[in-house]
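Residue strings, one per chain:
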Amino acid sequence: VDSRDQLLAKISKQLKPARFEHVQRVEQTAIQLAKQYGVNVEKASIAGLVHDYAKQRPDEDFIKAIKHFQLDPDLVNWNNAIWHGIVGAELIKSELDITDEDILDAVRYHTTGNRYMTKLAQIIYMADYIEPARDFDGVEKARLLTSQSLELAVAYQTKHTLLYLLENNQRIYPKTIDTYNAWVPQSG
Ligand code: DGI
Ligand code: FE
Ligand code: FE
Ligand code: FE
């Protein structure tokens, strides 16, 4: 594991400036949430910084990694949006020597969510959605919910992502549906 400066240098090599700024805002948001919810602040910092590490890699890197790491072969039928977290976690592990499975799971599930998510994974999922530069209908509601209940916030994001994907004729990755089914609040 590197010093913070070494880690930042490696990340900035992989990302264009706007994306590098985004991951630093996600880090700060995740640190605040970690303090509020009693989660390890160091892990929240690292997970926030690395969550989009693989976002700007060429498709062929992901195809190679899916084979090399023997991940679910169906992953080849998806795209960067799905790969950069789920496959990106393996690249982070091998290239940045980050072996903490809490951090790697938070990266893995930061786009799709997952049936099981640690508090750290919930925090990264939400921090990515509500970091200060995010601006979309519903972001204020998402920020308020995140400050009140991580679980309800995860459910809110998942529902709104699904609605957005359906509205835009995008395919739904099965894990996104699993997340919805696991987290949607049930009243009876
Ligand atoms: O990497 P970021 O832009 O910071 O954010 P992200 O990793 O949360 O989301 C990347 C994109 O992934 C976003 O535009 C929504 C999309 N996405 C999330 N779930 C699914 C999905 N795209 C498809 N096709 N299917 C999904 O289930
Ligand atoms: Fe992402
Ligand atoms: Fe996200
Ligand atoms: Fe992100």
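In short, a report on the structure.

### Remarks on the overall build of the protein
Scanning the protein for helices and strands turns up 11 helices and 0 strands. Secondary structure elements in the protein, listed N-terminal to C-terminal, are α-α-α-α-α-α-α-α-α-α-α. Taken against the 2.2 N^0.38 rule, which gives 16 Å for 188 residues, the C-alpha radius of gyration of the protein at 16 Å falls within 12% of a compact globule. Its C-alpha atoms give the protein principal-axis dimensions of roughly 45 × 35 × 25 Å. For the protein, the residues scored as buried account for 48% of the 188 residues in total. Across the protein, every contact between residues at least 6 apart in sequence was considered, and the portion connecting residues at least 24 apart equals 62%. Surface accessibility of the protein: about 9800 Å² in total, with carbon and sulfur atoms responsible for 50%. Counting 22 positive and 26 negative side-chain charges, the protein places the averaged centre of each group 1 Å from the other.

### Some words on the site of ligand 1
Contacts to ligand 1 come from 17 residues, most closely from Lys-55, Thr-111, Arg-171, Tyr-173 and Thr-176. Contacts to ligand 1 include His-22, whose side-chain N or O atom sits 3.1 Å from an oxygen atom. A distance of 2.8 Å is found between a nitrogen atom of ligand 1 and a backbone nitrogen or oxygen belonging to Arg-171. The fraction of the free accessible surface of ligand 1 (590 Å²) that becomes covered by protein chains is 82%. Applying the majority rule of atoms within 2 Å of the grid points places ligand 1 in the largest pocket.

### A few points about the pattern of salt bridges
For side chains of opposite charge, pairing can occur when their charged atoms come near one another. This structure, assessed with the given rule, holds 13 salt bridges. Notably, a salt bridge pairs Asp-52 with Arg-19, separated by 2.8 Å at the nearest N-O pair. Highlighted residues: Asp-52 in the loop between α3 (41-50) and α4 (59-68) and Arg-19 in helix α2 (residues 17-37), separated in sequence by 33 residues. You can call Asp-52 buried: its relative accessible area is 2%. Arg-19 gets classed as partly exposed once you look at its relative accessible area, which sits at 22%. Put simply, Asp-100 and Lys-43 hold a salt bridge, and the shortest N to O gap is 3.0 Å. Linking Asp-100 in the loop between α6 (88-96) and α7 (101-108) with Lys-43 in helix α3, this pair joins segments that are 57 residues apart in sequence. When its relative accessible area of 25% is taken as the criterion, Asp-100 is described as partly exposed. Shared partners join several salt bridges into a network, and the residues in it are Glu-90, Lys-93, Glu-101, Asp-105 and Arg-108.

### Quick look at the layout of surface pockets
Of the voids in this model, the largest pocket is the one considered here, and its volume is about 840 Å³. As for the largest pocket, its lining consists of 30 residues, of which Ala-81, Thr-111, Thr-161, Tyr-164 and Leu-165 are closest to the centre. Those elements that place two or more of their residues in the lining of the largest pocket are α2, α5 (80-86), α8 (119-130) and α10 (150-167). Looking at which element gives the most residues to the lining of the largest pocket, the answer is α10, with 6 residues. Each residue belonging to the lining of the largest pocket can be placed in one class, and the counts come to 10 nonpolar, 12 polar and 8 charged.

Conventions and cut-offs
- Starting from 1, residues in each chain are numbered consecutively following that chain's sequence as written.
- Chain A is the first chain written and ligand 1 is the first ligand written, with later ones labelled in order.
- For a predicted model such as this one, the threshold for reporting local features is a pLDDT of at least 70, and the threshold for listing and counting side-chain atom pairs is 80 or more; totals across whole chains, interfaces and linings nevertheless cover every residue.
- Hydrogens are left out, water is left out, and the side-chain values use all remaining heavy atoms of the structure.
- Counting from the N terminus, the helices are the DSSP runs of H or I reaching at least four residues and the strands are the DSSP runs of E reaching at least two.
- Radius of gyration here uses only the C-alpha atoms, and the compact-globule reference equals 2.2 Å multiplied by the residue count raised to the power 0.38.
- Only protein chains enter the accessibility calculation, which uses a 1.4 Å probe; a residue is then buried when its area is under 20% of its type maximum, exposed when over 50%, and partly exposed in between.
- Note on contacts: a residue pair is in contact if any heavy atoms of the two residues lie within 4.5 Å.
- Surface accessibility follows the Shrake-Rupley procedure with a 1.4 Å probe radius. Residue values consider only the protein chains on display as shielding.
- His is not counted, nor are the chain ends, whereas Lys and Arg count as positive and Asp and Glu as negative.
- Where a charge sits is defined by one atom per residue type, namely NZ (Lys), CZ (Arg), CG (Asp) or CD (Glu).
- Think of it this way: one heavy atom of a residue within 4 Å of a molecule or strand is enough to make that residue near it.
- Throughout this description, a polar contact denotes any pair of N or O atoms lying within 3.5 Å of each other; where both atoms belong to protein, one of them has to be capable of donating a hydrogen while the other can accept it, and for residues adjacent in sequence the pair is counted only when both atoms sit in side chains.
- The way it works is a 1 Å grid over only the protein atoms, where trapped points that fit a 1.4 Å probe form a cavity and open points with protein on both sides within 12 Å along at least five of seven lines form a pocket, and then any residue with an atom within 4 Å of a point lines it.
- To qualify as sitting in a cavity or pocket, a molecule needs more than half of its atoms within 2 Å of the grid points.
- Every case where a carboxyl oxygen of Asp or Glu lies within 4 Å of a side-chain nitrogen of Lys or Arg is listed as a salt bridge.
- Grid points are joined across faces, edges and corners, and a volume is the space filled by probe spheres set on the points.
- For this scheme, ten residues count as nonpolar: Ala, Val, Leu, Ile, Met, Phe, Trp, Tyr, Cys and Pro. Four count as charged, namely Asp, Glu, Lys and Arg, and the remainder, Gly too, count as polar.

These values are about where atoms sit, not about what they do.
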